[in-house]
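These are the residues of each chain, in order.
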Amino acid sequence: MHTDTTRADTWDFGLDSAIPDLGDPGDVEITSTDFSDTYYDTEDRDLLAHGTTVVYVDGDERPAGWRVVTPSPAEAITERIDAPSTAVPPTIADALWGLSGGKPLRVAAIVHTHRTRHRHLDANGETDYEVIDDTVSATATGPVATATSWREVAVRSASKDAVPKGVRKRMVGAGARPASASSTYERAIGHEAPHRAGSASPAAAAALDYVHEQIATIFAGDVALRRGENPVHGVRVAIRRLRSTLRTAAPLFEPSGLVRLDDELRWFAGVLGEVRDREVLRARFATALAELPDELVLGPVAARIEEELSAQQHHHRENVAAEMTSDRYRRLLSTLTTWNEAVPLVDDQISKKQVRQIATRAARKADKRLKQALASGHEEDLHRARKAAKRARYAGELATPVVGSIGRAQAKRYKKIQTVLGEHQDAAVAARALRELGAAAGIRKGENGFTYGILYQRELHAAAAARDAVLSGKK
């Protein structure tokens, strides 16, 4: 992984224009290199639609190899893979299967760059800033190959300070203009990514951004899962946020297909939930056992719990991998891709009042469910109250860019309620698991259910404490 911490100003520059005198009296070192980038994508440019780049680089300036840039909700991640240039390595193609829709990755563009680097030195002979002058020629593949050429000049500071204003001023005076494309690949194929929500109202833009953020997290999780990583919790949270928005803000979206998308998201969240539940239980029981005095731990309890739950988790993780190759999952990704390209809003001029009403309705429903749950004390009612609190929290998040502190306060309040009710739910689930584990221990030679019973009772106390916390107003 590599992160570029330099700061740069990048401009388009005339192919025959000369770099102006930048008014720097210091020494300048000039070097030149040549390199080639071969970009790969599907015929329909699916990777581009997800902000992902697959490129094979070769040349004097950089070590040859594959580079994959996959944006996550937090930051873009760049990874270099050493492999031959003959075809996209299976490790890359398999990891990006969800983004590509399973379509083959082919050469999309070949870009050749002649780079002249002007290193401007300070009085100590260290680099102060550098001017990177790239003359680029590109060929985009397709039914008809197209060739383009352009020149791009970047000025990068070697420190955290911005590029001197005088340098920028002289560049602009020489005819430089801000770079017209957000990436070399987009420019090479003659495509500029659409500016989402450009004419939408602030409230509509906030809704679009929230939906896009959740979809991006789901797709980033797809890539991570295919690479054997563990993004299960983050993906499930994104699915919950998206499902919550589909429900609480349903009037904002075209109704066609809304219920089906919610059903399919719930299905996949359930598949992931089987893995996450075992992961949570393993950590919970390990902590509980570590807190018990040694004399109360009879038999290989820790080893047995870890063995049983890790085996279950592995089984369900394999099931996730199998489902991710299914037609059902492929259809879900296709629907999410369609939403990512154009969220089906009924109107892109949503008002602030509409968003505020969505948050208010979700809060009222959560309060009603909580009141019912506290009156009955039934586990199912508490679980329903917890889900309503989540929806109220996410509705507050959705509204925050529009209503500010009101939305933040709502999200904060219902997050606390969700957390307390979540502890009750976790304790109830843990108690059921311990009852099963303890019953199995009772029929194995050299083991008994004594310690399981102690842990079981602890979980009952934890569930009761969570109920008391809600009843006493500790939200």
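Criteria and cut-off values
- Residues numbered from 1 in each chain as written.
- Predicted model: local features only at pLDDT ≥ 70, side-chain atom pairs only at ≥ 80, totals over all residues.
- Heavy atoms only, no water.
- Helix = DSSP H or I, 4+ residues; strand = E, 2+ residues; numbered from the N terminus.
- Buried < 20%, exposed > 50% of the residue type's maximum accessible area, 1.4 Å probe, protein only.
- Contact = heavy atoms within 4.5 Å.
- Areas by Shrake-Rupley, 256 points an atom, 1.4 Å probe, with all protein chains shown as cover.
- Expected span 1.5 Å × (residues − 1).
- Phe/Tyr/Trp six-rings, centres within 6.5 Å; stacked < 30°, edge-to-face > 60°.
- 1 Å grid on protein atoms, 1.4 Å probe; cavity = no way out; pocket = protein on both sides within 12 Å on 5 of 7 lines; lining within 4 Å.
- Points joined across faces, edges and corners; volume = space filled by probe spheres on them.
- Nonpolar A, V, L, I, M, F, W, Y, C, P; charged D, E, K, R; others polar.
- pLDDT = per-residue confidence, 0-100.
- Axes fitted to C-alpha atoms, helices over the stretch in contact; angles between N-to-C directions.
- Parallel < 35°, antiparallel > 145°, perpendicular 65-115°, else oblique.
- Salt bridge = Lys/Arg side-chain N within 4 Å of Asp/Glu carboxyl O.
- Pairing = 2+ DSSP bridges.

In the nomenclature of an unreviewed UniProt entry, the protein chain is known as CHAD domain-containing protein of Gordonia hongkongensis.

*Asks:* Could you clarify how one ought to interpret the overall build of the protein chain in this entry?
*Replies:* A count of helices and strands for the protein chain gives 14 helices and nine strands. In terms of its C-alpha atoms, the protein chain occupies a principal-axis envelope of roughly 80 × 55 × 55 Å. Relative to its full complement of 475 residues, the protein chain shows a buried share of 44%. The contacts in the protein chain between residues at least 6 apart in sequence include a share of 71% that link residues at least 24 apart. Total accessible area on the protein chain is roughly 24200 Å²; 51% of this is exposed by carbon and sulfur atoms.

*Asks:* What should I look at first to understand helix α11 (residues 352-376) in this one?
*Replies:* The periodicity of an α-helix, 3.6 residues per turn, causes residues three or four places apart in sequence to face the same way. If you check α11, its first and last C-alpha atoms are 37 Å apart, about what 25 residues at 1.5 Å a residue would give, namely 36 Å. Check the buried side of α11 and you find it contacts α6 (202-226), α7 (232-248), α12 (379-403), α13 (405-441) and α14 (450-471). Trailing α11 by a residue or two, Gly377 shows a phi angle of about 75 degrees, which is positive.

*Asks:* Where do I start with the packing of aromatic side chains in this structure?
*Replies:* The description of an aromatic ring pair uses the distance of the two centres, along with the angle that the planes make with each other. All told, the structure shown has six aromatic pairs when counted by the stated rule. Judged by centre distance (5.4 Å) and plane angle (45 degrees), the ring pair of Phe253 and Trp339 falls under tilted. Here the residue Phe253 occupies a position in the loop between α7 and α8 (258-291), and Trp339 occupies one in helix α10 (residues 327-341), the gap between them amounting to 86 residues. The exposure class assigned to Trp339 is buried, which follows from its relative accessible area of 7%. On the basis of an interplanar angle of 50 degrees and a centroid distance of 5.9 Å, the ring pair of Trp267 and Phe268 is categorised as tilted. Within the aromatic cluster, the residues linked to one another by ring pairs are Tyr40, Tyr56 and Trp66.

*Asks:* Looking at this structure, how should I read the layout of surface pockets?
*Replies:* Think of a ball as big as a water molecule: rolled over the atoms, this probe shows where empty space is left. Size it by volume and the second largest pocket reaches roughly 1200 Å³. Contributing elements (two or more residues each) for the lining of the second largest pocket: α7, α8, α12 and α13. For the lining of the second largest pocket, the leading source of residues is α8, giving ten residues. Counted by class, the lining of the second largest pocket contains seven nonpolar, nine polar and 20 charged residues.

*Asks:* I'm lost on the confidence of the model for the protein chain in this one. Help?
*Replies:* As a note on interpretation, predicted positions should not be read in detail where pLDDT is low. Per-chain confidence: the protein chain averages 88 in pLDDT, with 92% of residues scoring 70 or above. Here residues 1-7 is a poorly scored stretch, pLDDT under 50, and it has 14 contacts once near neighbours within four places are set aside; other chains count.

*Asks:* What's the story with empty space enclosed by the protein in this structure? I'm lost.
*Replies:* Summed over all chains, the structure comprises one cavity of 30 Å³ or more. A volume near 30 Å³ is recorded for the largest cavity. If you go around the largest cavity, the residues you meet are Ile218, Ile239, Leu265, Phe268, Tyr329, Leu332, Leu333 and Leu336. Elements with a contribution of two residues or more to the lining of the largest cavity: α8 and α10. At four residues, α10 tops the list of elements feeding residues into the lining of the largest cavity. Each residue belonging to the lining of the largest cavity can be placed in one class, and the counts come to eight nonpolar, no polar and no charged.

*Asks:* Just to check I follow, could you spell out the environment of Gly273 for this structure?
*Replies:* Tracing the backbone through its elements, the reader meets Gly273 in helix α8. On the basis of relative accessible area, Gly273 is assigned to the buried category, the value being 5%. Measuring from C-alpha to C-alpha, the distance between Gly273 and Asp294 comes to 33 Å, with 21 residues separating the pair along the chain.

*Asks:* How should the packing of helix α9 (residues 301-323) against α14 be read in this particular structure?
*Replies:* Geometry of a packed helix pair, given as the angle between the helix axes and the separation of the axes. In contact at an axis separation of 10 Å, α9 and α14 are set at 70 degrees when each is read in the N-to-C sense. By the criterion of interaxial angle, the relationship of α9 to α14 is roughly perpendicular. Facing α9, whose interface residues are Val301, Arg304 and Ile305, α14 presents Thr451, Tyr452 and Leu455. When its residues are assigned to classes, the contact of α9 with α14 shows four nonpolar, one polar and one charged.

*Asks:* Whenever I open this one, the pattern of salt bridges confuses me. Can you help?
*Replies:* On inspection of all chains with the given rule, the structure shows 28 salt bridges. A salt bridge links Arg226 to Asp222, with the shortest nitrogen-to-oxygen separation between them at 2.9 Å. In this pair, Arg226 and Asp222 both sit in helix α6, four residues apart, roughly one turn of the helix. With its nearest N and O atoms 3.3 Å apart, the salt bridge here joins Glu307 to Arg304.

*Asks:* Looking at this structure, how should I read the pairing of strand β6 (residues 106-121)?
*Replies:* Moving residue by residue along a regular strand, the side chains alternate between the two faces of the sheet. When strand β2 (residues 28-41) meets β6, the two strands line up antiparallel, connected through 14 bridges. Across the sheet, Glu29 pairs through a bridge with Arg119, a residue of β6. Here β6 pairs with strand β7 (residues 127-140) via 13 bridges, running antiparallel. The residue of β7 that forms the bridge with Ile110 is Thr139. What sits between the antiparallel neighbours β6 and β7 is a turn of five residues, in which Gly125 has the positive phi angle 80 degrees.

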